[in-house]
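The chain contents come next:
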Amino acid sequence: MNLPIRSNFIRCNLLASLRKYATTSPEIEQNEQVLIDDTDDVQAREAEIEKKRNKSKLSPAHYNLVNGRRPYVTPKSTAHLTVKYNRKMYGIYGVTSGVNPSLCWPTKAEIQEKQEYEAVAYPFTIREMIDAAAVRRKEEQARIEERDKEVAAKFHKLDQWKKELNAKIAKKTAEVQAAKLKKERLVEEVRRHFGFTLDPRDERFQEMLAKREKEQKKKEKQARMEAKEKLMIAKLQQKNVELNEKA
């Protein structure tokens, strides 16, 4: 290749390269700007899609709660500005709540107030409370053991108590039966006294029955006194025999 042709070729290539570089930089900047704009469009589009996905018709706060997010991003009332509320939000949602975790640490005034409260509400040390609890457990165990002993002792007497109860019931039944027979016997005596059938509700019948009952009680009383006298005489005789034997 001769020199003039080679020079022209080099010059054309150089011009083409310069033209290329001159047009590339603005195109790159334009492309970058387009990419940034495209990202904004994508975010807006995603937000719109997310909004359309919410078919529950819930309020934004309730929708956030259902999806495990903080209900209010920006405060809606003075209650949302309190330390207690923000501590609660951090306790539930953690770092995603956007709350400064330093709020969760109590202030000096709160620590002092808590210490004063505990000094009054819990005046004893842990060791003292443990010892007191141990004493209470021992006392409770002693009461349980004592109660078990009482139950066991009463259980052993259960058969004896049953026998005594059955004996009382039998005695009472016998007394009722005896009283019934005595009443029937007196009624029969009154009937024989009149010699004819008389209505038990008749006044004469009632008077005679009361008289017979009175006489019967008098006889029973006399019999009891005689039995008592016989018993006393027997005791005296027994005592005299013992004295004679000692003499």
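Numbering of residues starts from 1 in each chain and follows the order in which that chain's sequence is written. Totals for whole chains, interfaces and linings use every residue, but because this is a predicted model, local features are given only for residues with pLDDT of at least 70 and side-chain atom pairs only at 80 or more, for both listing and counting. In computing side-chain properties, one takes all heavy atoms of the structure into account and sets aside hydrogens as well as water.

### Things to note about the overall build of the protein chain
For the protein chain, the count of helices and strands is seven helices and zero strands. For the protein chain, the N- to C-terminal ordering of α and β elements is α-α-α-α-α-α-α. Only protein chains enter the accessibility calculation, which uses a 1.4 Å probe; a residue whose area is less than 20% of its type maximum is buried, one above 50% is exposed, and one in between is partly exposed. Burial analysis of the protein chain (247 residues in total) assigns 9% to the buried set. Contacts between residues were defined by any pair of non-hydrogen atoms, one from each residue, lying within 4.5 Å. Across the protein chain, every contact between residues at least 6 apart in sequence was considered, and the portion connecting residues at least 24 apart equals 18%. Working definition of accessibility: Shrake-Rupley area with a 1.4 Å probe, residue cover restricted to the visible protein chains. Taken as a whole, the protein chain presents about 22200 Å² of accessible surface, with 58% of it coming from carbon and sulfur. Numbered from the N terminus, helices here are DSSP runs of H or I no shorter than four residues, and strands are runs of E no shorter than two.

### Description of the side chain of Ser 97
Within the fold, Ser 97 resides in the loop between α3 (83-93) and α4 (108-121). Here the side chain of Ser 97 touches Val 99 through a polar contact of 3.4 Å, landing on its backbone nitrogen. Beyond its immediate stretch of four places on either side in the chain, Ser 97 contacts Arg 70, Met 89 and Tyr 90. Polar contacts, as used here, are pairs of N or O atoms within 3.5 Å; protein pairs need one atom able to donate a hydrogen and one able to accept it. Residues neighboring in sequence count only if both atoms are side-chain atoms.

### Here's the deal with the pattern of salt bridges
Should a side-chain nitrogen of Lys or Arg be within 4 Å of a carboxyl oxygen of Asp or Glu, the pair is scored as a salt bridge. Scanning the model with the defined rule gives four salt bridges in all. Between Arg 87 and Glu 110 there is a salt bridge, and its shortest N-O distance comes to 3.1 Å. Residue Arg 87 is found in helix α3, and its partner Glu 110 is found in helix α4; the two are separated by 23 residues along the sequence. Exposure remark for Glu 110: the relative accessible area of 32% places this residue in the partly exposed category.

### Remarks on the side chain of Asn 86
When you line up the elements, Asn 86 lands in helix α3. Ignoring sequence-local partners within four residues, the contact set of Asn 86 consists of Arg 70, His 80, Leu 81, Val 99 and Leu 103.

### A short note on the environment of Leu 81
Structurally, the position occupied by Leu 81 is in the loop between α2 (60-66) and α3. Excluding its chain neighbours within four sequence positions, the residues that come into contact with Leu 81 are Pro 75 and Asn 86.

### Re the environment of Ala 210
In this fold, Ala 210 is placed in helix α7 (residues 203-246). Considering only alpha carbons, one finds Ala 210 and Val 190, 20 residues apart in sequence, at a separation of 9.9 Å.

### Let's talk about α7
Multiply 1.5 Å by the residue count of a helix minus one, and that product is the helix's expected span. Here α7 is 44 residues long and its end C-alpha atoms lie 64 Å apart, about the 64 Å a rise of 1.5 Å per residue gives. Every buried residue of α7 is accounted for by Phe 205, Met 208, Leu 209 and Gln 216.

### A word on the nonpolar core
With six residues, the main nonpolar core is built from Leu 186, Val 187, Val 190, Phe 205, Met 208 and Leu 209. For this core, the secondary structure elements donating two or more residues are α6 (158-194) and α7. For our purposes a nonpolar core is just a set of buried Ala, Val, Leu, Ile, Met, Phe, Trp, Tyr and Cys residues, chained together by side-chain atoms within 4.5 Å.

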